[in-house]
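Spelled out from the first residue to the last, the chains are:
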Amino acid sequence: LPKAKGYYGPLYFYQGFWCPSFSFKGFISFQKYFQALDTDIILVSMPKSGTTWLKALIFSIANRHKFSLQDNPLLNLGPHSLVPFLESDLYLKTPNPNFENCPNHPRILSTHTPYASLPPSIKDDHSKCKIVYVCRNPMDVFISYWHYLGKLRTENMEPMSMDEGFEMFCQGIHGFGPFSDHVLGYWKANEENPNKILFLKYEDLKEDITFHVKELAKFLGFPFSKEEEDRGVVEEIARLCSFDSLKDLEVNKSGKSPLGYPNSVFFRNGEVGNWRNFLKPSMVEHWEKLLQEKFDKSGLTFNFSC
Ligand code: A3P
């Protein structure tokens, strides 16, 4: 397989995308063996697009009748243990994970796999499982990624300059990249099948979280009742899953994700437009051109500030 040096270990080029070598085996097993259930909720994202946030939101919405907010296991386990990644947590360990141990039902599972490479049982016309896709503007994704990988880098990994990392990101050589193919794959799939795929943008959630919590609940088949809305349940869930609330949980300060990463690396500042503090004008210009080329015809636009 074509191989590239990623900013956190090598990447393999497979089925049109760059798969981190450490999760490649897990991805292959996931693609080959995963059997979706009609009740499954599959959360998909490009890394650094709001996965942690959506894991917390979806879990809290789908399970709100099982626990009071104070007893929500999110508070002790954190989003990543509650909603595992298919390729890098579950199938990395074994080609036959025991879903009995899945900490939630309906199963809520997460992946970074591009649409074209999803296992057939998820995309099958007969499958009623739901896909929630969250995307984020590429400049914030890049900056978030940059900091995240910097925190995970160990001493034996060569550091990479931001210029070099940026160049690779623009060329699509980054985990699950190219960015544009990933986002457009789900954008098109959502246009074709809006009942199956909910397409969300990080920036829209930042702008109006209450609206999106209700939309998510409706899409997943657990709409809020009038009584719940009057009791302020929507706002409570939004508050519980907010950046400040999650970041301050002990499990996210000192706990580890199933892959062994400190949970704290998933929380930096959670802003829209943070890229402005880092990217040079020439880098911004470069992305503006790329965006025009790749996205103009699709009708998909990004917010770069809120
Ligand atoms: P920043 O590095 O820009 O702060 P992912 O979860 O896909 O790995 O994405 C991580 C990004 O989402 C980080 O962005 C992180 O701070 C932000 N994030 C994590 N939890 C969040 C939340 N509850 N609300 C908003 N942003 C959140």
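Check the entry above for the structure.
In this text, all values refer to a predicted model and were calculated from it rather than measured experimentally.

**Student:** What is the right way to look at the overall build of the chain in this model?
**Tutor:** Secondary structure assignment for the chain yields 16 helices and seven strands. By the compact-globule yardstick of 19 Å for 306 residues, the chain fits well, its C-alpha radius of gyration being 19 Å. Once local pairs closer than 6 in sequence are excluded, the contacts in the chain between residues at least 24 apart make up 74%. Accessible area for the chain stands at about 14000 Å²; split by element, carbon and sulfur atoms hold 51% of it.

**Student:** Hey, could you run me through helix α7 (residues 138-152) in this one?
**Tutor:** Side chains three or four residues apart in an α-helix point the same way, a direct result of the helix having 3.6 residues per turn. Over its 15 residues, α7 runs 21 Å from end to end, which matches the ideal 21 Å to within 8%, given 1.5 Å per residue. The buried count for α7 comes to 12 of 15 residues, which makes it a mostly enclosed element. Taken together, the buried positions of α7 are occupied by Pro138, Met139, Asp140, Val141, Phe142, Ile143, Ser144, Tyr145, Trp146, Tyr148, Leu149 and Leu152. Of the surrounding elements, those touching the buried residues of α7 are α8 (162-170), α9 (179-192) and α16 (281-295). The N-capping residue of α7, defined by a side-chain oxygen 3.1 Å from the backbone nitrogen of Met139, is Asn137.

**Student:** Help me understand the site of the ligand in this model?
**Tutor:** In the vicinity of the ligand lie 18 residues, with Lys48, Thr51, Thr52, Ser144 and Gly270 positioned nearest. Lys48 is positioned such that a nitrogen or oxygen atom in its side chain is 2.5 Å from an oxygen atom of the ligand. In isolation the ligand offers 570 Å² of accessible surface; the protein chains occlude 98% of this area. For the shell around the ligand, the elements supplying multiple residues, two or more each, are α2 (51-62) and α14 (243-247). With three residues, α2 is the single largest residue contributor to the shell around the ligand. Residue composition of the shell around the ligand, grouped by class: seven nonpolar, eight polar and three charged.

**Student:** I tried to follow the pattern of salt bridges on my own but got confused; where do I start?
**Tutor:** Two side chains bearing opposite charge may form a pair once their charged atoms approach each other closely. Tallied over the full model, the rule gives eight salt bridges. In this structure, the salt-bridge partner of Lys5 is Glu164, at a minimum N-O distance of 3.7 Å. With Lys5 in strand β1 (residues 3-6) and Glu164 in helix α8, this pair connects stretches of sequence that are 159 residues apart. Note on Lys5: relative accessible area 44%, which makes it partly exposed. Between Asp163 and Lys280 there is a salt bridge, and its shortest N-O distance comes to 2.9 Å. Remark: Lys280 occurs in the loop between α15 (250-254) and α16 and Asp163 occurs in helix α8; sequence separation between them is 117 residues. On the basis of relative accessible area, Lys280 is assigned to the partly exposed category, the value being 40%.

**Student:** Please explain empty space enclosed by the protein as it appears in this structure.
**Tutor:** Empty pockets left among the atoms are what a rolling probe the size of a water molecule brings to light. Following the criterion strictly, the structure yields one cavity of 30 Å³ or more and no others. By volume, the largest cavity is sized at about 40 Å³. Lining the largest cavity, in full, are Ser60, Asn63, Arg64, Phe67, Ser68, Leu69 and Asn72. Looking at the lining of the largest cavity residue by residue, the classes come out as two nonpolar, four polar and one charged.

**Student:** Sorry, what's going on with the sheet that holds strand β4 (residues 41-45) here?
**Tutor:** In a beta sheet, neighbouring strands are held together by backbone hydrogen bonds and run either parallel or antiparallel to one another. Read from one edge to the other, the open sheet built from four strands follows the order β5-β4-β6-β7, with strand pairing classed as parallel. One side of each edge strand has no neighbouring strand; the edge strands of this open sheet are β5 (108-111) and β7 (197-201). On average, adjacent strands in this sheet sit at an angle of 20° to one another, irrespective of strand direction. Relative to β7, strand β6 (residues 130-135) runs parallel, the two being bridged by five bridges. Across the sheet, residue Val132 finds its bridge partner in β7, namely Leu198. Packing of α9 onto the sheet brings it into contact with β4, β6 and β7, and relative to β7 it is tilted by some 130°. In the packing of helix α11 (residues 209-220) onto the sheet, the strands contacted are β4, β6 and β7, and the crossing angle to β6 comes to about 155°.

**Student:** Is there a simple way to explain the packing of aromatic side chains in this structure?
**Tutor:** The geometry of an aromatic ring pair comes down to the distance between the two centres and the angle between the two planes. A full pass over the atoms with the stated rule returns 32 aromatic pairs. With a centroid separation of 6.5 Å and 85° between ring planes, the pair formed by Phe34 and Tyr91 is classed as edge-to-face. Of the two residues, Phe34 sits in the loop between α1 (21-33) and β4 while Tyr91 sits in helix α5 (residues 86-93), which places them 57 residues apart along the sequence. You can call Phe34 buried: its relative accessible area is 1%. With centroids separated by 6.4 Å and ring planes inclined at 25°, the aromatic side chains of Tyr145 and Tyr148 adopt a geometry described as stacked. Here Tyr145 and its partner Tyr148 are both found in helix α7, three residues apart, which amounts to about one turn of the helix. One exposure class covers both Tyr145 and Tyr148, and it is buried. Here a set of aromatic residues connected by ring pairs shows up, and it is made of Phe142, Trp146, Phe166, Phe169, Phe179, Trp275, Trp287, Phe295, Phe302 and Phe304.

Calculation rules
- Residues numbered from 1 in each chain as written.
- Predicted model: local features only at pLDDT ≥ 70, side-chain atom pairs only at ≥ 80, totals over all residues.
- Heavy atoms only, no water.
- Helix = DSSP H or I, 4+ residues; strand = E, 2+ residues; numbered from the N terminus.
- Rg over C-alpha atoms; globule rule 2.2 N^0.38 Å.
- Contact = heavy atoms within 4.5 Å.
- Areas by Shrake-Rupley, 256 points an atom, 1.4 Å probe, with all protein chains shown as cover.
- Expected span 1.5 Å × (residues − 1).
- Buried < 20%, exposed > 50% of the residue type's maximum accessible area, 1.4 Å probe, protein only.
- Polar contact = N/O pair within 3.5 Å; in protein donor to acceptor, adjacent residues only side chain to side chain.
- Near = heavy atom within 4 Å.
- Nonpolar A, V, L, I, M, F, W, Y, C, P; charged D, E, K, R; others polar.
- Salt bridge = Lys/Arg side-chain N within 4 Å of Asp/Glu carboxyl O.
- 1 Å grid on protein atoms, 1.4 Å probe; cavity = no way out; pocket = protein on both sides within 12 Å on 5 of 7 lines; lining within 4 Å.
- Points joined across faces, edges and corners; volume = space filled by probe spheres on them.
- Pairing = 2+ DSSP bridges.
- Axes fitted to C-alpha atoms, helices over the stretch in contact; angles between N-to-C directions.
- Phe/Tyr/Trp six-rings, centres within 6.5 Å; stacked < 30°, edge-to-face > 60°.

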